[in-house]
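An overview of the molecular structure
Given next are the chains, with one letter for each unit.
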Amino acid sequence: MKKAIRGQLISYYDNPFSKPVEDCLYYEEDALLVMDGGKIIAVGPASRLLSDLYRDVEVTHYKDAIICPGFIDCHVHYPQTEMIGAYGKQLIDWLNKYTFVAEQKFADEAYARAAAEVFLKELIRAGTTTAAVFCTVHPQSVDAFFEQSAKIKMRNIAGKALMDRHAPPGLMDTAQSGYDQTKSLIAKWHGNGRALYAVTPRFAPTSTEEQMELTGAVWKEHPGTYLQSHISENKAELEWVKELYPERKSYVDVYQHYGQLGPRAIYGHGVHFTETDFRTFAETGTAIAHCPTSNLFLGSGLFRLERAMTGSPTVRTGLATDLGGGTNFSQLVSMNEAYKIAQLNGYALNAHKAFYLATRGAADALYLGGQIGSLAEGHEADIAVLDLKATPILDYRLGHAETIEEVLFAFIILGDDRAVRATYVAGELVYERDRDTLLETF
Ligand code: GUN
Ligand code: ZN
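Residues numbered from 1 in each chain as written. Chains lettered and ligands numbered in written order. Predicted model: local features only at pLDDT ≥ 70, side-chain atom pairs only at ≥ 80, totals over all residues.

1. A word on the packing of helix H12 (residues 331-344) against helix H16 (residues 404-414)
The packing of two helices is summarised by the inter-axis angle and the distance between the axes. Defined as follows: Angles run from 0 to 180 degrees between N-to-C directions of axes, and those axes are lines fitted to C-alpha atoms, restricted for helices to the stretch in contact. Starting at the N terminus, helices and strands are each numbered in turn, a helix being any DSSP run of H or I of at least four residues and a strand any DSSP run of E of at least two. Roughly parallel means an angle under 35 degrees; roughly antiparallel means over 145; roughly perpendicular covers 65 to 115; every other angle is labelled oblique. Contact criterion: two residues are in contact if their C-beta atoms, reconstructed from the backbone, are within 7 Å. Residue classes follow a fixed rule: Ala, Val, Leu, Ile, Met, Phe, Trp, Tyr, Cys and Pro count as nonpolar, while Asp, Glu, Lys and Arg count as charged, and any other residue, Gly among them, counts as polar.
At a closest axis distance of 7 Å, the pairing of H12 and H16 adopts a crossing angle of 95°. By the angle between their axes, H12 is roughly perpendicular relative to H16. Facing Leu 332, Met 335, Asn 336 and Tyr 339 of H12, the residues of H16 in contact are Phe 411, Ile 412 and Ile 413. Among the residues forming the contact of H12 with H16, the class breakdown is six nonpolar, one polar and no charged.

2. Brief notes about the nonpolar core
Filter applied, for reference: When buried Ala, Val, Leu, Ile, Met, Phe, Trp, Tyr and Cys residues are joined through C-beta atoms within 7 Å, the set is termed a nonpolar core. The burial criterion counts other C-beta atoms lying within 10 Å of a residue's C-beta, which is placed from the backbone; the residue is buried at 20 or more, exposed at 12 or fewer, and partly exposed between these limits. Where a domain begins and ends is set by an automatic assignment or by a domain database.
Judged by nonpolar contacts, the single largest core of 138 residues is most densely connected at Leu 33, Ile 67, Cys 74, Val 133 and Ile 266. Lining this core are residues from two domains, each supplying at least three of them: domain 1 (3-70 + 374-434) and domain 2 (71-329). If sequence neighbours within four positions are ignored, Ile 266 has contacts with Cys 74, His 75, Ala 132, Tyr 226, Gln 228, Ala 287, Ala 289, Ala 365 and Leu 366. In terms of nonpolar packing, the next biggest core, distinct from the first, is built from six residues, Leu 91, Trp 94, Phe 297 and Leu 298 among them.

3. Describing the pairing of strand S15 (residues 420-425)
Definition in use: Any two strands are treated as partners once DSSP identifies two or more bridges connecting them.
For S15, the tally of buried residues reaches six of six residues, placing the bulk of the element in the interior. Of the strand pairs in this sheet, strand S14 (residues 383-387) and S15 are connected by four bridges, and their pairing is antiparallel. Its bridge partner lying in S15, Ile 383 is registered against Tyr 424. Between S15 and strand S16 (residues 428-432), which pair antiparallel and follow one another directly, the connecting turn spans two residues, one of which, Ala 426, has a positive phi of 50°.

4. So, the confidence of the model for the chain
Keep this limit in mind: Values of pLDDT, the confidence the predictor places in each residue, fall between 0 and 100.
In this model, the chain carries a mean pLDDT of 97, and residues with pLDDT of at least 70 account for 98%. For this predicted complex, the interface confidence score (ipTM) comes to 0.99, while the overall pTM stands at 0.98.

5. Some thoughts on the site of ligand 1
For clarity, the cut-off: For each residue, a C-beta atom is placed from the backbone, and the residue is labelled near a molecule or strand when this atom is within 6 Å of it.
Around ligand 1, a shell composed of His 77, Leu 91, Leu 95, Thr 99, Arg 202, Phe 203, His 230, Glu 233, Ser 294, Asp 322 and Gly 325 is seen. Residue contributions to the shell around ligand 1 peak at three residues, all from helix H2 (residues 91-104). Residues belonging to the shell around ligand 1 are distributed by class as follows: three nonpolar, five polar and three charged.

6. Remarks on the UniProt feature "domain: Amidohydrolase-related" (unreviewed entry) in the chain
Rules: UniProt positions are given in the numbering used here, feature names are shortened, and annotations may be inferred rather than shown by experiment.
Under the local residue numbering, the UniProt record ascribes the feature "domain: Amidohydrolase-related" (unreviewed entry) to residues 66-430. Span residues 66-430 is 43% helix and 17% strand, its end C-alpha atoms 17 Å apart.

7. Points about the domain arrangement of the chain
Buried accessible area, meaning the area lost when the parts come together, often serves as the stated size of an interface. By domain assignment, the chain separates into domain 1 (3-70 + 374-434) and domain 2 (71-329). Taking only C-alpha atoms into account, the centre of domain 1 sits 30 Å from that of domain 2. Residue assignment for the side of domain 1 that touches domain 2 shows that the elements contributing at least two residues are S15 and S16. No other element matches S15, which puts three residues into the side of domain 1 that touches domain 2. Grouping the amino acids of the side of domain 1 that touches domain 2 by side-chain chemistry returns seven nonpolar, two polar and four charged.

8. Re the sheet that holds S15
The seven strands lie next to each other as S3-S2-S1-S4-S14-S15-S16, forming an open sheet whose pairing is mixed. Bordering the open sheet on either side are strand S3 (39-45) and S16, each of which pairs with just one other strand. Mean inter-strand twist for the sheet, computed between neighbouring axes without regard to direction, equals 35°. Direction of pairing for strand S1 (residues 3-12) relative to strand S2 (residues 25-36): antiparallel, over a ladder of nine bridges. For Tyr 12, the partnering residue across the bridge sits in S2 and is Leu 25.

See the structure below:
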């Protein structure tokens with residue numbers, strides 16, 4: 001059945017890093033957005049649509065709110081939800097001390113299912129409607145995740161971590177078992193409802209060369225699937241990769257050598273990228289997931305967003321939390337930290353560019369720009385409703401804001417999950433903050 005929401009609305013149909021914002025932003029002060037069958041079937045000025053075709057449609061009117069595309073998180077680890085904010089270590093020690101301990105528990109499918117539920121609820125509470133998600137090495141952790149995700153029909157990308165060295169025995173597969181399990185998980189989940197599969201080599205140091213070969217092979221054998229991993233996050237990690245792969249010219253060259261770059265490959269971090277690295281990513285159509293809260297929390301470094309988005313050639317880049325290295329589910333918080341990182345790099349990241357990176361830009365990085373990330377006719381109806389009165393200080397600050405850009409920037413600096421009043425997935429209201437409607441569904 002058709003239903004509609006009404007209110008102030010923003011969406012991006014093009015890239016404000018490369019064009020004037022007027023040529024990228026769709027802004028309507030009083031919009032009507034009509035949904036049917038999980039898709040947006042009309043969006044435009046409420047006065048026109050209500051007086052015409054959609055006179056009889058059921059409308060939820062969001063006053064004091066901004067309707068925007070549901071956020072997209074390009075890189076996140078659901079099994080790390082329980083260890084968010086683990087204190088005091090940089091990447092390699094943090095992985096060994098906290099991450100690899102937590103992830104071993106996901107051999108138990110019931111445990112994994114419960115964790116996936118908590119994780120998905122947090123995404124939805126943060127207004128995030130799509131994520132590229134790392135599961136653990138256990139195939140059952142992928143089943144648990146996608147089964148929960150299907151209950152609210154989310155378009156999520158996920159996959160089983162591949163790791164056959166430098167990890168505890170409870171967290172390793174073999175090159176062959178990783179390959180076989182990946183193949184059967186792809187058959188089971190890729191394109192099943194809204195699920196999309198990502199071949200998921202954790203990162204080069206935890207795979208043998210044999211596993212790296214088979215990982216490239218299984219990805220190539222399944223066109224349309226994703227590949228996700230980590231790259232160039234931490235200086236000690238870079239040194240380690242040099243030791244482990246002495247014949248390769250660079251960290252990027254490792255993945256390229258094993259056939260792991262290309263469209264639908266998404267790599268977290270790229271903090272220590274050289275110009276050659278950026279160029280190789282650009283030329284192969286590979287995407288970077290920029291993970292601001294994680295890069296700061298783990299002391300990894302300052303990603304050069306300006307180079308990725310405005311250098312030549314540009315690199316597909318989307319915003320990500322990288323939780324549990326990242327410290328917050330809210331992409332508003334990721335934007336806030338991205339702004340500060342850009343400041344330290346001498347670049348002013350404005351609100352439109354930041355919102356773009358978590359909506360349309362992220363969708364384009366994931367090659368899903370025609371389906372999600374924008375509020376446009378024919379797109380899937382994944383929507384966040386932001387509350388202009390979410391907190392007293394936001395309300396007060398917005399009383400002194402004059403442009404939509406100022407309003408969005410205030411959300412970035414003052415907002416988090418509290419700012420999300422409602423979330424729609426595939427045209428269904430799955431979360432209402434004030435009634436805590438969430439997820440009786442689970
Ligand atoms: N590199 C390899 N695994 C991980 C992980 O789980 N988190 C982060 N931030 N980096 C990684
Ligand atoms: Zn990560």
